Amino acid sequence: MMARALELAGKGLYSATPNPRVGCVLTQGETIVGEGWHERTGGPHAEVVAIGQAGDRAAGATLYVNLEPCSHHGRTPPCIDLLQKNRISRVIAAMLDPNPKAAHGGAQLAAAGIAFEHGLMEGAARELNIGFVSRMTRGRPWVRMKIAATLDGRTALANGKSQWITGPEARKDGHRWRARACAILTGIGTVKADDPRLTVREVETPRQPLRVIVDSRLGISPKARVLEAGGALIFCAVDSIKELNAEMQKLPNPQGKVELPLMLEELARRGVNELHVEAGFRLNGSLLREGCVDEFLIYLNPSLLGDEAQGMVSISGFSSLNQRTKLRITSMDRIGDDIRILARL
Ligand code: AOF
Ligand code: ZN
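Every chain's residues receive numbers from 1 upward, in the order its sequence appears when written. Both sets of labels track the order of writing: A upward for chains, 1 upward for ligands. A pLDDT threshold of at least 70 governs which residues receive local features in this predicted model, and a stricter bar of 80 or more applies before side-chain atom pairs are shown or counted, although totals over entire chains, interfaces and linings include all residues. Calculated side-chain values reflect all of the structure's heavy atoms, with hydrogen atoms and water omitted.

Here the focus is the packing of aromatic side chains. To pair, rings of Phe, Tyr and Trp, with the six-membered ring standing in for Trp, must have centres within 6.5 Å; the planes then decide the type, stacked if under 30 degrees apart, edge-to-face if over 60, and tilted in the middle. Tallied over the full model, the rule gives zero aromatic pairs. Two conditions define a charge located above a ring, namely a distance within 6 Å from the ring centre to NZ of Lys or CZ of Arg, and an angle within 35 degrees of the ring normal. Here the guanidinium or amino end of Arg171 rests over the ring plane of Trp164, the centre of that ring lying 4.4 Å away.

Patches here are clusters of residues that have more than 30% relative accessible area and form no salt bridge, with a 9 Å joining cutoff for like charges and a 5 Å cutoff for nonpolar side chains (Val, Leu, Ile, Met, Phe, Trp, Tyr). Using a 1.4 Å probe, accessible areas were evaluated by the Shrake-Rupley method; residue-level cover was limited to the displayed protein chains. By salt bridge we mean one thing: a side-chain nitrogen of Lys or Arg within 4 Å of a carboxyl oxygen of Asp or Glu. A cluster of nonpolar side chains, Ile329, Met332 and Ile339, forms an exposed patch at the surface whose accessible area comes to about 300 Å². Only runs of H or I of at least four residues qualify as helices and only runs of E of at least two qualify as strands under DSSP, and these elements are numbered from the N terminus. Tracing the chain through its elements places Ile329 in strand β13 (residues 328-335). Assessed through its relative accessible area of 52%, Ile329 is described here as exposed. Three exposure classes are used, based on accessible area relative to the maximum for each residue type with a 1.4 Å probe and protein chains only: buried under 20%, partly exposed in between, and exposed over 50%.

Turning our eyes to something else, we now look at the domain arrangement of the protein chain. What fixes the domain bounds is an automatic or database domain assignment. Per the domain assignment, the segments making up the protein chain are domain 1 (2-128) and domain 2 (132-344). Listed as interface residues are 17 residues of domain 1 and, on the opposing side, 18 residues of domain 2. Between domain 1 and domain 2 the total buried area reaches about 1300 Å² when both faces are included, carbon and sulfur atoms providing 58% of it. For the interface between domain 1 and domain 2, the tally reads two salt bridges. Nitrogen and oxygen atoms within 3.5 Å of one another constitute a polar contact, given that in protein one can donate a hydrogen and the other can accept it, and given that sequence-neighbouring residues count only through two side-chain atoms. Our count for the domain 1 to domain 2 interface comes out at six residue pairs in polar contact (both at pLDDT 80 or more). By definition, residues are in contact when any of their heavy atoms lie within 4.5 Å. By definition, the buried area sums, over both parts, the 1.4 Å-probe accessible area that each loses when the two are put together.

Here the focus is the environment of Ala112. Mapping Ala112 onto the fold places it in the loop between α4 (105-111) and β5 (115-118). Under the relative-accessibility criterion, Ala112 is labelled partly exposed at 41%. Taking the C-alpha atoms as reference points, Ala112 and Pro209, 97 residues apart in sequence, are found 41 Å from one another.

Each α-helix turn comprises 3.6 residues. Residues three or four places apart therefore point the same way. Among the residues making up helix α10 (residues 281-289), those that are buried are Phe281, Leu283, Asn284, Gly285, Leu287 and Leu288. Here the buried face of α10 lies against β6 (142-150), β7 (183-187), β8 (210-214), α9 (260-269), β11 (274-277) and β12 (295-301).

Okay, the coordination of the zinc ion (ligand 2) next. Donor atoms: N, O and S within 2.8 Å of the metal, or within 3.2 Å for Na, K and Ca. Because water is excluded, sites can look incomplete. Around the zinc ion (ligand 2), the protein contributes the donor atoms His45 (ND1), Cys70 (SG) and Cys79 (SG), at 1.9 to 2.3 Å from the metal centre. For the zinc ion (ligand 2), the donor residues sit on a single chain with the sequence spacing H-x24-C-x8-C. Taken together, the residues His45 in the loop between β2 (31-37) and α2 (46-54) and Cys70 in the loop between β3 (62-65) and α3 (79-85) connect sequence positions 25 residues apart. Take Cys70: its relative accessible area is 4%, and that puts it in the buried class.

Moving on, we come to the sheet that holds β5. One requirement defines pairing of two strands: DSSP has to find at least two bridges between them. In spatial order, the strands read β2-β1-β3-β4-β5; together these five strands make up an open sheet with mixed pairing. Strands at the two margins of the open sheet, each flanked by one partner only, are β2 and β5. Each strand axis lies, on average, 15° off the axis of its neighbour in the sheet, ignoring direction. Relative to β3, strand β1 (residues 23-28) runs antiparallel, the two sharing four bridges. Following the sheet pairing, Cys24 is matched in β3 by Val65. Axes, fitted as lines to C-alpha atoms, cover a helix only where it is in contact. Angles between the N-to-C directions of the axes lie from 0 to 180 degrees. Packing of helix α1 (residues 2-9) onto the sheet brings it into contact with β1, β2, β3 and β4 (90-93), and relative to β1 it is tilted by some 145°. Contacting β1, β2 and β3, α2 runs over the sheet at an angle of about 140° to β2.

Tracing the backbone shows Arg344 in strand β14 (residues 338-344). Assessed through its relative accessible area of 13%, Arg344 is described here as buried. A polar side-chain atom of Arg344 sits 2.8 Å from a polar atom in the side chain of Glu127. Among residues more than four places away in sequence, those in contact with Arg344 are Glu127, Ile130, Trp142, Asp294, Glu295, Lys326, Leu327, Arg328 and Thr330.

On to the site of ligand 1. Working definition: residue near molecule or strand if any one of its non-hydrogen atoms lies within 4 Å of it. Taken together, 17 residues surround ligand 1, and among them Asn19, His45, Ala46, Arg75 and Asp97 come closest. Thr76 has a polar backbone atom sitting 3.1 Å from an oxygen atom of ligand 1. Between ligand 1 and Asp97 there is a distance of 2.4 Å, counted from an oxygen atom to a side-chain nitrogen or oxygen. All residues other than Ala, Val, Leu, Ile, Met, Phe, Trp, Tyr, Cys, Pro, Asp, Glu, Lys and Arg, Gly among them, are scored as polar; the first ten of these are nonpolar and the last four charged. Counted by class, the shell around ligand 1 contains seven nonpolar, seven polar and three charged residues.

A separate point is the pairing of β13. Here β13 pairs with β14 via seven bridges, running antiparallel. Across the sheet, Met332 pairs through a bridge with Ile341, a residue of β14. Hairpin connection, β13 to β14: the antiparallel pair is bridged by two residues, and Gly336 has positive phi, about 60°.

So, on to the nonpolar core. Among buried residues, the Ala, Val, Leu, Ile, Met, Phe, Trp, Tyr and Cys ones that are joined through side-chain atoms within 4.5 Å form a nonpolar core. Among the nonpolar cores identified, the biggest contains 35 residues, and Leu26, Leu63, Ile88 and Val91 are the most heavily contacted of them. Within the residue set of this core, elements represented by two or more residues are α1, β1, α2, β3, α3, β4, α5 (122-128) and α6 (130-138). Discounting chain neighbours no more than four positions away, the residues touching Leu26 are Thr31, Ile32, Val33, Gly34, Ala50, Ile51, Ala54, Ala58, Ala61, Thr62, Leu63 and Ile88. With 31 residues, the next largest nonpolar core counts Cys182, Val212, Val277 and Ile298 among its residues.

Listed below in structure tokens is the structure:
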């Protein structure tokens, strides 16, 4: 039942943000009497949809949900009130709600005489909402850095050109990861070299992620394709004098670059749960050095580009092999002719 609730929650993968992905199953014995999932922020919570579907059969039912039912008046009224009104007898949540405004619904249910348990499939539930958990507990998004490289770890020619190293299947897969992200981040180097749009195109999605550019000195051309659709956000370190079809936010560090950890905090304030990075080796390196990366999404194409080509991340100064940045592989798959590796710090 919890696996089904998680499957339902996954239907909101591209749409629920900035809210969490939540699914709910109501049962009477072995029979499912109602199901629901949270489609988008401002819309009904998963529990509300499931109870609506169950109607009279909600009374005495067991409710499975991947996130503790909310206790707060947010955009919608508290789910725990609805659970009590409909005389749900038992609630099983995969995880507690990390949102301080909505939390402790479970304890309040228990106090009202409704059995409450949590922890069932908690690992899978945390994975599904890894960005939401990150924003609520750390005040920053979950940062996933996408890299497409050759087998010798090269990501672009010396002149910065990087389109295209991996095959069409890997590119499509990359768009799925873009689609689930709340924002896509790149740097001025990539904007100049590849003129990317940073939109989701190869998969269907009800919303486009926010496009974010790190451009310390505002060297971006007003004609850059990433600005075409409007609504982009540029982080810079100088005052804006240019007319650009974008919002500009100045966040300088003492070196005259953008203060990246502060940028993450700002993105979290704007409701970014998962941040998808598609940048060149310089910005990748800065993000890594400043502790702003959580996960790598690496596509490896079976080809070689040699030493003069650009690498994945600009990091240097290692004098011993022990100092190298170590990762833990969490998954590895073949995508078309390429290999996809997910690895965490
Ligand atoms: C959801 N969907 O199915 C559940 C949520 O702004 P609101 O009123 O929609 O409240 C959002 C919060 O409610 C969210 O951050 C989470 O803590 C809690 N539970 N949220 O979006 C749901 N069950
Ligand atoms: Zn709720």
